[in-house]
Amino acid sequence: MMWIAAIELSNFRSYQQARLTFPRPEIGKNLVLIGAENGHGKTTLLEAIYLCLYGDDAVHHLNRAGLEMKGQDNKKINYTAYLEKALYLDARAVQPTALGLSNQSTMQLRIDICQQSTGNQKILRVKRKWAFDHNKKHLPNSEEIQAYFCENADDDGGEPLSEELFKHYLHTQAVPVDYASFFFFDGEKIVQNARASGAGKWLNDALHGLLGVTLLNKLSAQLGKYKSDLIRELAPEKLQKQLADTEAKLTDAKEKLTTYNSNLANLTEQEAQLIKRRDELTEQLGAGDIHTSKELIDQLTKIKQQQETDQEEIKKFIELLPETLLPTTRLTQLQQQLKAEANRLSYETVKGQLEPRADEFWKVFRNHENINEFLSPYMLSSAELSRIVKECWERMLLPLPEGCAETVSHNYLSAELNQRIQNEIHKLNHIQRIHSPETILSKIAEAEQNQEKLSAEIEQLKNSNNDELVEELHQINHELTQNITPQKTTAQNNSYRQNEEISSLARDLEKLQDQVVSSGPKQLRAKRAQKMESFIHALIHQLMVKKVQQLSITATRLNNEIAHDKRIGRIEVQDNGEMRLYGQNNERLQTDLSAGQMQILIMAVVAALSEITQYHAPLVIDTPLARLDKGHRQGLFHYWQGLNQQVILLSQDTEITPEIYQDLKPAINKTYLIKAESLASGGARSSAEENVYFKA
C-alpha cells in the first residue's frame, strides 16, 4: 500500500510554515478530509504535491490536472514566473553570512510518500528548495532537490538518490509525472481538462501512459532507426536513393501531422475555454431567453408597429361594419355565382365572335380544288351537308367550359361592376375569417402586456452590466459556430488525410526495405530488428484491444455504482480512446450530458483506469463535489470508502458540510481545517489546524 505520509510547506503561496501528516489508510477508514473556505489555501496543497515531486514539469501537468496557471495578463506562465508568483508574499530574506551571501528569500517543500508491503515500510522523502533575490526574483540554478529513503518520519538522513534513481522510484514508490493528472486533480475542472485536449486524446494518452505503451513506442522508434541505418548501408546506390526519398517524404508527412495535430489541439482547447466561459455566462445570466437592452428595445418597437397595424385593421372593420354583418355563407355563394356568370358571358362573347366564321369555313371547304375527287357537286350543294358542317362547328364550342353558369341571373351588371362586387366580398370574407374583431382585440391586449413586460426588463437592465455579459455571450456563440467549429472540422480532416498518407508511405518504405533484407550478418540483424518492431506493434495492438474492453466493462460498472440517474447503460471505449455512450435501451445517446453527469462519467473512467492497470496510488482531489447533486455525492462517497488506497479530499464547507461530515466520520482517519488571516501587505497567512473540521 502507498500513501502520502506528510506534506511540509515553507514560504509557499499563503503558507509561511505548515506541516500536515497523514496516518496509514485502512480498509473502510481511508479518507482524509481537508476543509477550507474559498481562497484560504486548500488548492495550494495540490500545487505543492506537483511542484515538490516534479519540479519544472509541474506547470504543464498542473494544467492537465485542471489547475491552469496564469499570470496577470491571463496567459499561461513559465516555470520561473510560476515560482515567483508562488513565493509567500511576506517571505523574509536570509541575513548575509560570513561567506558573503546576499539577502535571499527561500521557498521549500517536502513530501513523504510511504509504502508498506509484507510488514516492511519505507519512506521516500523528496525536498525541493528555491532561492530568490531581495526583489523576490528567482535566482537561476538555485533549485536544490534531495530525494532519499528513511525508515521513519523523524529520520532526516539517508543516502541521496541520483536523478536516474529518483525517476525510477517515482515510478515504483510514488506516481510518475505522466500519470499524475489522473490521481491528483481538480474534480470540478477535470471535465474541462478532458474537453480541452479532446476526450478521445485525453483517454488515449492515459491508456498509453498507464499501460507502458508510451515506452514501447519509444523502443519501437529506436529499433526502427537502427533497422533503417543497417538497411541504408546494405542497399545498392539506386535503392539507397529511393529509400532516402521515401524516408524524407515520411519524415515530412509526420512533421505535417504534428503541425495539424497541434493546430487541432489548440482549436480544441480554444473551444473548451469558450464553452467554459459560455456556461459561466449562461449560469450567471440565468435560464431562459437572454437579451441585451438594445434587443429588448427592438422587440418593443416591433410590438408598437404591429399595434399600429392592428389599429388600422380595426378601422377598416368599422368602416365595413354593415356589410360584415351579412352571413358569410350568402356572401360566398353570391361571389361564386357572379364569377360563374362572368365566365359564361366571356364564353358567349368568344362564341359570338366565332359563329360568322362557320359560313366562311363552309365556303372554303366546298371550293377546295381537290374536293370533287371525294364529293360530287350534288352532295356539295346539299342543304343537309351544309347543316351538318355548321352543327359540327357549333359542337366545338360545347359543352360549356368548367366554371360557367348555366343561366345568367345578373345580366344587368357590367363586367367591371361584376368584378368589383367580387373583390369587395373577398375583402369582407378575409376580414371575417383572418382578422375577426375578437382576434385583433386579443392581439392588441397581448401586445400591451408584452410592452409592460419588456419595459420592466429594460428598466431592470439599466442598473446592471447584463448588456456587456449578453453581448459577450453572443460573441462567444458566433465565434464557436462561425470560426472554431468549422476550423476544427477542417483540422480533423487534415489530420485524418495525413495519417492515411503516412500509412501509405510506411507501406512503400517497408516494401523497399524488404528488397534489401536477405542474408548476411547485418541483414540478419536488420531482420531481427524488423521482426521485433512488428512484434511490438502487434503487442501494443493486442494490449490496447484487451485493455479498452476491460476499461469499457469496468467504467460501465463504476459509473452505474456511482451515478444515481442510470442514464448511461453502457460505456464503450474505442482503440483511439473515443468514448461512446449508450442508454439502457442499448441505443447510442444523442443528447449532451449535464456538467454533473459528465463529472461522474470522467471520475468513473479515471477510477477504471486505476483498477485495470492495478496502479493504486493515493487520490488527491480538489473541489470533488461542486457540481454534483446529493445522489451522485453519496455514490462517490460509497465508492471512495471501498477503495484500498488513500483518498485526500480538499473541500469547501458547501461541498462536504458538517452534516455530511458526521455521516462520513467512520471512514475518516484524519481531518484538517485550513484558516487564513489577512496581512497588512495585502496577502494572507494560512495555517492548518489538525483534527478539526467545519462546525455546524
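Heads up: the structure comes first, above all this text.
Residues numbered from 1 in each chain as written. Predicted model: local features only at pLDDT ≥ 70, side-chain atom pairs only at ≥ 80, totals over all residues. Heavy atoms only, no water.

**What to know about the overall build of the protein chain**
Counting secondary structure elements, the protein chain contains 21 helices and 13 strands. The buried share of the protein chain, reckoned over its 696 residues, is 43%. With the model as given, the accessible surface of the protein chain reaches about 38,900 Å², and the carbon-plus-sulfur share is 50%. (Helix = DSSP H or I, 4+ residues; strand = E, 2+ residues; numbered from the N terminus. Buried < 20%, exposed > 50% of the residue type's maximum accessible area, 1.4 Å probe, protein only. Areas by Shrake-Rupley, 256 points an atom, 1.4 Å probe, with all protein chains shown as cover.)

**Considering the state of the cysteines**
Inspection of every chain in the model, using the stated rule, returns 0 disulfides. Looking at the unpaired Cys114, the closest cysteine sulfur is the one in Cys150, lying at 8.7 Å. When its relative accessible area of 1% is taken as the criterion, Cys114 is described as buried. Classification of Cys150 as buried rests on a relative accessible area of 4%. (Disulfide = S-S within 2.5 Å.)

**Section: the nonpolar core**
Core analysis: the biggest nonpolar cluster contains 117 residues, and Leu9, Ile34, Leu51, Phe184 and Trp640 have the highest contact counts within it. Considering every element that reaches this core, the biggest residue donor is helix H19 (residues 595-613), with 12 residues. With residues up to four places along the chain from it excluded, the contact list for Leu9 reads Tyr15, Gln16, Gln17, Ala18, Leu20, Thr44, Leu45, Ala48, Gln108 and Leu109. Counting 14 residues, the second largest nonpolar core, distinct from the first, contains Leu230, Leu250, Ile502 and Val516. (Core = buried A, V, L, I, M, F, W, Y, C linked by side-chain atoms within 4.5 Å. Contact = heavy atoms within 4.5 Å.)

**Points about the sheet that holds strand E1 (residues 2-12)**
Read from one edge of the open sheet, 5 strands run E2-E1-E4-E5-E6, paired in antiparallel fashion. The sheet is open, and its two borders are formed by strand E2 (15-21) and strand E6 (144-150), each paired with just one other strand. Recorded for the sheet is a direction-independent mean angle of 10° between the axes of neighbouring strands. Bridge analysis of E1 against strand E4 (residues 105-117) gives 8 bridges, and the strand direction is antiparallel. Note on E4: the bridge partner recorded for Met2 is Gln115. Here helix H1 (residues 42-54) sits on the sheet in contact with E1, E2, E4 and strand E5 (120-132), set at roughly 80° to E4. (Pairing = 2+ DSSP bridges. Axes fitted to C-alpha atoms, helices over the stretch in contact; angles between N-to-C directions.)

**Here we look at helix H14 (residues 383-395)**
Relative to the 18 Å expected for 13 residues at 1.5 Å per residue, H14 spans 18 Å between its end C-alpha atoms, a close match to the ideal helical length. Along H14, the residues classified as buried are Ser386, Val389 and Trp393. End-on, the buried residues of H14 take up no more than an arc of 65°, which puts them together on one face. Between the side-chain oxygen of the N-cap and the backbone nitrogen of Glu384 there are 3.2 Å, and the N-cap of H14 in question is Ser382. (Expected span 1.5 Å × (residues − 1). Arc of directions from axis to C-beta. Polar contact = N/O pair within 3.5 Å; in protein donor to acceptor, adjacent residues only side chain to side chain.)

**Points about the packing of aromatic side chains**
Under the counting rule described, the total for this entry stands at 7 aromatic pairs. An angle of 85° between the planes, with centres 4.7 Å apart, marks the rings of Phe149 and Tyr169 as edge-to-face. Linking Phe149 in strand E6 with Tyr169 in helix H4 (residues 163-173), this pair joins segments that are 20 residues apart in sequence. Given the relative accessible area of 22%, Phe149 is considered partly exposed. The exposure class of Tyr169 is partly exposed, given its relative accessible area of 22%. Put simply, the rings of Tyr50, Tyr54 and Phe184 touch in pairs and so form one group of aromatic residues. One cation-aromatic arrangement involves Lys122 over Phe149; the distance from NZ or CZ to the ring centre is 5.1 Å. (Phe/Tyr/Trp six-rings, centres within 6.5 Å; stacked < 30°, edge-to-face > 60°. Lys NZ or Arg CZ within 6 Å of the ring centre and 35° of its normal.)

**Quick notes on a nonpolar patch on the surface**
On the surface, Met532, Phe535 and Leu539 cluster together into a nonpolar patch covering about 280 Å² of accessible area. A relative accessible area of 36% places Leu539 in the partly exposed class. (Patch = residues over 30% accessible without salt bridge, like charges linked within 9 Å, V, L, I, M, F, W, Y side chains within 5 Å. Salt bridge = Lys/Arg side-chain N within 4 Å of Asp/Glu carboxyl O.)

**Focus on a positive patch on the surface**
The grouping of Arg525, Lys527, Arg528 and Lys531 at the surface amounts to a positive patch. Among the structural elements, Arg528 can be located in helix H18 (residues 521-562). Residue classification places Arg528 among the exposed residues on the basis of a relative accessible area of 54%. (Lys, Arg positive; Asp, Glu negative; His and termini not counted. Charge placed at Lys NZ, Arg CZ, Asp CG, Glu CD.)

**A short note on the pattern of salt bridges**
Within this structure, the stated rule accounts for 22 salt bridges. For Arg344, the salt bridge goes to Glu348, with nearest N and O atoms at 2.8 Å. Of this pair, Arg344 and Glu348 both sit in helix H11 (residues 328-354), separated by 4 residues, roughly a single helical turn. The exposure class of Arg344 is buried, given its relative accessible area of 16%. For Glu384, the salt bridge identified is with Arg387, shortest N-O distance 2.3 Å. One end of the pair is Glu384 and the other is Arg387, both in helix H14 and 3 residues apart, which spans about a single turn. Given the relative accessible area of 42%, Arg387 is considered partly exposed.

**Here's the deal with the sheet that holds strand E7 (residues 184-186)**
Spatially, 6 strands are ordered E7-E10-E11-E3-E12-E13 in an open sheet, and the strand pairing comes out mixed. Either end of the sheet is taken by a strand with one partner, and the two such strands are E7 and strand E13 (684-690). Across this sheet, the average inter-strand angle for adjacent strands is 15°, counted without regard to direction. Sheet topology places strand E10 (residues 619-622) next to strand E11 (residues 647-651); 4 bridges connect them, and they run parallel. Residue Val620 lies in a different strand from E11, and its bridge partner there is Ile648. Helix-sheet contacts for H1 involve strand E3 (31-36), E7, E10 and E11, and the interaxial angle to E7 is about 145°.

Note that all results are geometric; they support no functional claim without further evidence.
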